Each structure stands twice: as C-alpha cells, then as structure tokens.
Amino acid sequence: DAGVIQSPRHEVTEMGQEVTLRCKPISGHNSLFWYRQTMMRGLELLIYFNNNVPIDDSGMPEDRFSAKMPNASFSTLKIQPSEPRDSAVYFCASSRTSGKAGELFFGEGSRLTVL
Amino acid sequence: AQSVTQPDIHITVSEGASLELRCNYSYGATPYLFWYVQSPGQGLQLLLKYFSGDTLVQGIKGFEAEFKRSQSSFNLRKPSVHWSDAAEYFCAVVLTGGGNKLTFGTGTQLKVEL
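Nothing here was measured: the structure is a model prediction, and the numbers come from that model.

Asker: How would you sum up the overall build of chain B? Please name residues and give values.
Answerer: If you tally the helices and strands in chain B, you get zero helices and twelve strands. Its helices and strands taken in sequence order, chain B reads β-β-β-β-β-β-β-β-β-β-β-β from the N to the C terminus. Here the C-alpha atoms of chain B give a radius of gyration of 14 Å, agreeing with the 13 Å that 2.2 N^0.38 yields for 114 residues. Structurally, chain B occupies a C-alpha span of about 45 × 30 × 20 Å along its principal axes.

What follows is the structure in structure tokens.
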C-alpha cells in the first residue's frame, strides 16, 4: 500500500510569496495531521482533521497559515505571505481514529526554505 | 506544566552495546505512550506503544520499552545496537480522552560508533 504522500519535497521561495503544501493520506485513514519540525521548536502539531473536519487548529501559528481538507484523500497547508521564520520541514501524517489513538503514519515531509 | 521530557539530546553508543533512552512525562493521568524513530531525511515511524496492561512492551526492530508509573517514565531499550539504529528517537503521548492528538518530546539523537 502507498504511504502518506507529500509534495513538494523541497520548496525554496522568497519572502512574501504564497506557499502551498499538499498531502495525500493513506486510503481508509480518517484522521490527518500537519506537523512542523524546526531545530528550535522541535515537532509541533499545527492542525488535525477527523473525517475531513478540522478538530484542533490551536497550533496554527497565525492567520498567514491555513489548512483545508476538501475530501478524504487530499489536504493542503497554505502559507500566505511566507516569511523566513516559516522555514521548516512540514510533515503530514494520517491514522485511523478508532482504537488507534496516536498510531500515526508520516509522510517524508516537505522542506520549506523562505529567503 | 504538562510535558514530555527527553533529558538526553545526544547519545553515542558502540555497535553491539546496549541502549537506553529516557522519557519522562508530567500529566495528571497516565497518557498513552509512544516511541517514534526518524531516520535522516525521513518521516517518523512508530516503534512501539503502551496503552495499558503489561508494562513491558515490545516493538519493531528489536526495541522494547518499560512503563514505570511510580517514576512517570517510559524508557526505550535495546540489548544490542546496530549501526542502522543511528537516528533520532522521539517519545510521545496522547492524553486519555484527548482524541488523537500526539505530543512529542524534543528527541534524542543516537549515534552508533563502529
């Protein structure tokens, strides 16, 4: 079975530009998570969805960040406008909700560099 | 404050030596406990988990972890480390009744000397 698929793997952009990161979860998984990883702050949960509905977005740093999940097989994380401090690796993960709390399957990440 | 603590940022062991990575949590109730591993340039992979019951849990790749309620700890162990175990290891928790929200520790970078 295919794992969690993220794109792009690497993105270099200039400050002020819009960035869109994409994620395809594992088929049959009904929870989806976006994490950000930096040296300074480690792994931070930005937002997670259950059955395509955002459940907890308390980790989204500010209004420049938005996430959507229009259907069970696709999610986006958008940053507009981007800033250098947004440089990080962004991970998408998915899981089944029932009976599998905490058992996440991660994608390989999208490394974002904002100049 | 509620937290997951991994006191060791870096650990170096020789191949074939035993390994123990420490994890402590600070929550009112015992959370669900996990260990994940991240190889360079990769996403995280679940090694093992503890929900309840037997306090010694076995995971993949020969790893095990022991839950000690009295010490609020969930340390990861391996009897004999292989060079391929070099990676970063994260302890994580889900609060009971907290849905599926996984909170990670700061990680321990493991280096294996040949």
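Now, onward.
Asker: Run through the state of the cysteines, naming residues and quoting values.
Answerer: Where two cysteines share a covalent bond between their sulfur atoms, that bond is called a disulfide. By the definition in use, this model includes two disulfides over all chains. Linked covalently through their sulfurs, Cys23 of chain A and Cys92 of chain A form a disulfide whose S-S length is 1.9 Å. Between Cys23 of chain A and Cys92 of chain A the disulfide shows an S-S torsion of about -65°. By sign, it is left-handed. Here the residue Cys23 of chain A occupies a position in strand 3 (residues 19-24), and Cys92 of chain A occupies one in strand 9 (residues 88-95), the gap between them amounting to 69 residues. As far as the burial class goes, Cys23 of chain A and Cys92 of chain A line up, both buried. At a sulfur-sulfur separation of 1.9 Å, the disulfide partner of Cys23 of chain B is Cys91 of chain B. Between Cys23 of chain B and Cys91 of chain B the disulfide shows an S-S torsion of about -65°. By sign, it is left-handed. One end of the pair, Cys23 of chain B, is in the loop between strand 3 (19-21) and strand 4 (24-26); the other, Cys91 of chain B, is in strand 10 (residues 87-94), with 68 residues separating them in the sequence. With respect to burial, Cys23 of chain B and Cys91 of chain B carry one shared label: buried.

Asker: Which residues make up the pattern of salt bridges, and what values do they have?
Answerer: Using the criterion set out here, one finds 15 salt bridges over all chains in the structure. Among the ionic pairs, Glu44 of chain A bridges to Arg41 of chain A, the shortest N-O distance being 2.7 Å. Assessed through its relative accessible area of 14%, Glu44 of chain A is described here as buried. Of the charged contacts, one joins Asp8 of chain B and Arg22 of chain B as a salt bridge, the two residues approaching to 2.9 Å between their closest N and O atoms. Separated by 14 residues along the polypeptide, Asp8 of chain B in the loop between strand 1 (3-5) and strand 2 (10-14) and Arg22 of chain B in the loop between strand 3 and strand 4 bring together distant segments of the chain. Assessed through its relative accessible area of 38%, Arg22 of chain B is described here as partly exposed. One continuous salt-bridge network, built from bridges that share partners, spans Glu62, Arg64, Glu83, Arg85 and Asp86 of chain A.

Asker: Just give me the short version of the sheet that holds strand 7 (residues 65-71) of chain A, but keep the residues and values in it.
Answerer: All names here are of chain A. Read across the open sheet, the four strands follow the order 1-3-8-7; overall the sheet is antiparallel. The outermost strands of the open sheet, each flanked by one partner alone, are strand 1 (5-7) and strand 7. Between one strand axis and the next, the sheet turns by 15° as a mean value, whatever way the strands run. Pairing of strand 1 with strand 3, which is carried by three bridges, proceeds in the antiparallel orientation. Looking across to strand 3, one finds that Ile5 is bridged to Lys24.

About the thresholds
Residues numbered from 1 in each chain as written. Chains lettered and ligands numbered in written order. Predicted model: local features only at pLDDT ≥ 70, side-chain atom pairs only at ≥ 80, totals over all residues. Heavy atoms only, no water. Helix = DSSP H or I, 4+ residues; strand = E, 2+ residues; numbered from the N terminus. Rg over C-alpha atoms; globule rule 2.2 N^0.38 Å. Disulfide = S-S within 2.5 Å. Buried < 20%, exposed > 50% of the residue type's maximum accessible area, 1.4 Å probe, protein only. Salt bridge = Lys/Arg side-chain N within 4 Å of Asp/Glu carboxyl O. Pairing = 2+ DSSP bridges. Axes fitted to C-alpha atoms, helices over the stretch in contact; angles between N-to-C directions.

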